[in-house]
Amino acid sequence: MIHGCPDYNISMDIITNKNQFHAGEDDVKGAAVALVRLWHTYTLDIDKLIKGQILDTKTDQLTPFDILYIAGVVEEKGQTYDAIVWLHALLKAIEERYIEEEGDIKEVTIVRRLAAAYSSHGVPWESVKLLEEYLRKDPTHKGVARDIAYINSKLRSIPEDQRTQLLQPPSLDDQKRVYEALCRGEGKRSQSVLSSLKCFSRQTKIPIYRAKEEVLNYAPRVSLFYEVISDSEIKYLKEAAMNLLARSYIMGDDGKGALADMRVSQTAWLPESSHPIVDRLGRRIELITGLSTRQYPHASHSEDFQILNYGIGGMYEPHPDWFGTLLANGAYRYGDPPSLRASGDRLATWLYYLEDVKKGGATVFVNLNVTVPVVKGAAAFWYNLKRNGELDENTWHAGCPVLLGSKWVSNKWIRETGQFFRRLCGKNPDSLDGPL
C-alpha cells in the first residue's frame with residue numbers, strides 16, 4: 001500500500017520514482033515490505049519481479065539500489081532469509097547482465113552484504129564460502145580478505161561437525177499457511193460441501209427490495225449478495241472518502257489505535273447522517289438482513305460506514321471482528337465514542353465491494369476454507385457471534401494482498417443492541433442461522 005496515495009497500482013513505482021512521488025521514508029519502506037509480501041503470498045518469480053513484470057503488467061525494473069534497499073528493510077524486521085534470497089537474485093541479475101552495476105554498488109558490494117546477511121542468519125560458514133569464491137576472482141581485494149579473517153575468528157568457536165545447518169525459509173504457523181494458500185486460490189472444499197451450497201432470490205415485503213444471495217457457508221452463515229450497490233452510490237462513497245483517508249490502525253485492548261504491519265490500508269468513516277445516499281445504504285442493509293443499523297447519540301445499533309482502500313500489497317492478516325464486549329453487564333470497549341457505549345459486540349459484518357480487483361484482494365475465512373471473491377456492486381455478510389451470543393471462532397478472516405489493481409470496500413459493523421427481536425436465540429446453543 002502506498003500510504004497517502006490511494007490509487008497507486010504498482011508498489012515498486014514508489015521505490016524507483018520516489019522523488020517524483022514525494023514519498024517519505026515510511027512510504028518507501030512500506031512499498032519495499034509490500035513487494036516482499038506479494039512475492040511470498042503469491043509465490044512470484046523473483047527474477048521477473050525484479051525486471052518489473054507482475055503477471056501481464058509491466059512497470060519499471062528495479063535497480064541495484066532498490067534491491068539493496070529492500071534487503072535492508074526486511075533485515076531490519078529480522079527477515080534475514082528474505083534478504084539473502086533478494087541479494088542472491090541481484091547477484092544473478094548482474095551476472096546475467098540484465099541489471100548493470102550502479103555507482104558505488106558493485107558486485108563486491110553485494111557479495112559483502114550477502115555474507116553479512118548469512119552471518120546474521122546464523123550460517124557464517126556460508127559467508128566464508130561466498131567470500132572465498134569472490135577472492136579467487138579478485139585476490140587483491142583487501143576488504144573481502146578482512147571479512148574472511150573476521151568471520152573465521154568467530155567460526156573457531158563452532159565445531160566443524162556443527163556447521164551443517166542449511167538455509168531454510170522461516171516456518172509459517174498453520175493459520176498463516178492456510179491464509180496464503182487461500183489467497184493463491186489453493187483452498188479446496190469437498191464436493192459434498194459444495195453441492196449443499198445454494199443461491200437464493202430474496203424479496204422483502206414492504207418496502208419491496210430484491211436481492212440475489214449466494215450462500216458460501218452455513219455454519220456460520222457466510223453469504224455474498226449481488227448487485228446491492230449502484231455505480232452512482234459507489235462513486236459518491238469514494239469521492240466522499242477521498243479527502244478523509246488516513247492510514248488504518250489496529251485497536252488494542254486499551255482502546256488505543258496503533259499502526260501495525262498486519263494491516264496495510266487507508267480508512268475513512270462516514271456516518272449515515274452525513275448524506276442521504278449513506279443513509280439509504282444503511283437502510284438497504286436493514287431490508288436485506290432484517291437487522292437494525294440505526295444510529296443514536298447513545299447505544300447505536302451500528303457503527304459508521306468504514307471506507308477502505310487497499311493499494312498494491314495492501315492487506316489485513318487474519319483477525320476476528322468481534323472483540324468480546326459483554327452487553328449483559330453494561331461493559332463497552334474502551335475508546336468507543338458515546339454513541340457506541342452500551343451497543344454491545346459486533347454481531348455481524350456487512351461488506352460492500354466498491355471496485356473489481358484485477359488480481360488478489362479476496363476475503364478469506366481461514367478456519368472455514370472459504371474464499372469470498374471481490375465483485376464490484378456485491379456485498380459479503382456474516383455473523384460474528386453465534387445465536388446464543390458466544391464468540392464464533394470460525395469467523396476469523398483476512399483481506400488478501402492486492403496483487404494488481406486497487407481495492408475499495410465499505411463495511412458496516414452491526415452491534416448487538418437493537419437486534420434482540422430481530423435475531424432470536426435458537427432452540428439449542430448450536431442452532432444455525434436460516435435464510436435471511
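Residues numbered from 1 in each chain as written. Predicted model: local features only at pLDDT ≥ 70, side-chain atom pairs only at ≥ 80, totals over all residues. Heavy atoms only, no water.

Convention followed: UniProt positions are given in the numbering used here, feature names are shortened, and annotations may be inferred rather than shown by experiment.
Under an unreviewed UniProt entry, the protein has the name Fe2OG dioxygenase domain-containing protein and belongs to Potamilus streckersoni. Taken verbatim from the UniProt record of the protein, the Cofactor (unreviewed entry) comment is "L-ascorbate".

## Some remarks on the confidence of the model for the protein
For clarity, the cut-off: Scored from 0 to 100, pLDDT records how confident the predictor is in each individual residue. It only takes one pair of heavy atoms within 4.5 Å for two residues to be counted as in contact.
Looking at the protein as a whole, its pLDDT mean stands at 87, while 89% of the residues score no less than 70. Taken together, the stretch residues 1-10 has pLDDT below 50 and engages in 43 contacts with residues farther than four places along the chain or on a different chain.

## A look at the state of the cysteines
Rules: Counting rule for disulfides: a pair of cysteine sulfur atoms within 2.5 Å. Strands here mean DSSP runs of E at least two residues long; helices mean DSSP runs of H or I at least four residues long; both are numbered from the N terminus. Here the term buried applies to any residue with accessible area under 20% of the maximum for its type, exposed to any over 50%, and partly exposed to those in between, with areas from a 1.4 Å probe on protein chains only.
This model, assessed by the stated rule, comprises one disulfide. Two residues share a disulfide in this structure: cysteine 183 and cysteine 400, whose sulfurs sit 2.0 Å from each other. Its S-S torsion of about -90° marks the bond between cysteine 183 and cysteine 400 as left-handed, since a negative value means left-handed. Note that cysteine 183 is positioned in helix α9 (residues 174-183) and cysteine 400 in the loop between β18 (397-399) and β19 (402-404), a separation of 217 residues in sequence. For the pair cysteine 183 and cysteine 400, one class covers both residues: buried.

## Some details on the sheet that holds strand β12 (residues 315-319)
In a beta sheet, neighbouring strands pair by backbone hydrogen bonds and run either parallel or antiparallel. Note the threshold: Any two strands with at least two DSSP-identified bridges between them are counted as paired. Angles run from 0 to 180 degrees between N-to-C directions of axes, and those axes are lines fitted to C-alpha atoms, restricted for helices to the stretch in contact.
Reading across from one edge, β9-β12-β18-β15-β16 is the order of the five strands in this open sheet, with antiparallel pairing throughout. The sheet is open, and its two borders are formed by β9 (263-264) and β16 (370-372), each paired with just one other strand. As judged from the two bridges shared by β9 and β12, these two strands associate in the antiparallel manner. Bridge pairing in β12 links arginine 263 to tyrosine 316. Helix-sheet contacts for α9 involve β12, β15 (363-365), β16 and β18, and the interaxial angle to β12 is about 135°.

## Some points on a nonpolar patch on the surface
Put simply, the rule is: In this analysis, a patch consists of residues with relative accessible area above 30% that form no salt bridge, clustered at 9 Å for like charges and at 5 Å for the nonpolar side chains Val, Leu, Ile, Met, Phe, Trp and Tyr. Surface exposure here means Shrake-Rupley accessible area, sampled with a 1.4 Å probe, where a residue is shielded only by the protein chains that are shown. For this analysis, a salt bridge means a side-chain nitrogen from Lys or Arg found within 4 Å of a carboxyl oxygen belonging to Asp or Glu.
Together, Phe420, Phe421 and Leu424 make up an exposed nonpolar region whose accessible area comes to about 410 Å². By the secondary structure assignment, leucine 424 is in the segment after β20 (407-415).

## Some points on the packing of aromatic side chains
Each pair of aromatic rings is reported with the distance of its centres and the angle of its planes. For clarity, the cut-off: The rule is short: rings of Phe, Tyr and Trp, with Trp giving its six-membered ring, pair when the centres are within 6.5 Å, and they are stacked under 30 degrees, edge-to-face over 60, tilted in between.
If you walk through the whole model with that rule in mind, you get nine aromatic pairs. Ring plane angle 75° and centroid distance 5.6 Å describe the contact between tryptophan 350 and tyrosine 352, whose orientation is recorded as edge-to-face. Among the residues examined, tyrosine 352 registers a relative accessible area of 0% and is labelled buried. Ring-pair connections join several aromatic residues into one group, and the members of that group are Phe225, Phe305, Trp350, Tyr352, Phe381 and Tyr383.

## Here's the deal with the nonpolar core
The cut-off we apply is this: The term nonpolar core refers to a set of buried residues drawn from Ala, Val, Leu, Ile, Met, Phe, Trp, Tyr and Cys, joined through side-chain atoms within 4.5 Å.
One finds Trp39, Ile50, Trp86, Ile99, Tyr179, Tyr353 and Val372 to be the most contacted residues of the largest nonpolar core, which totals 84 residues. Per-element tally for this core: the top contributor is helix α5 (residues 80-95), with 11 residues. Among residues more than four places away in sequence, those in contact with isoleucine 50 are Gln61, Leu62, Ile67, Trp86, Ala89, Tyr98 and Ile99. Counting residues in each nonpolar core, the second largest holds 31 residues, with Ile234, Trp350, Leu385 and Trp408 among its members.

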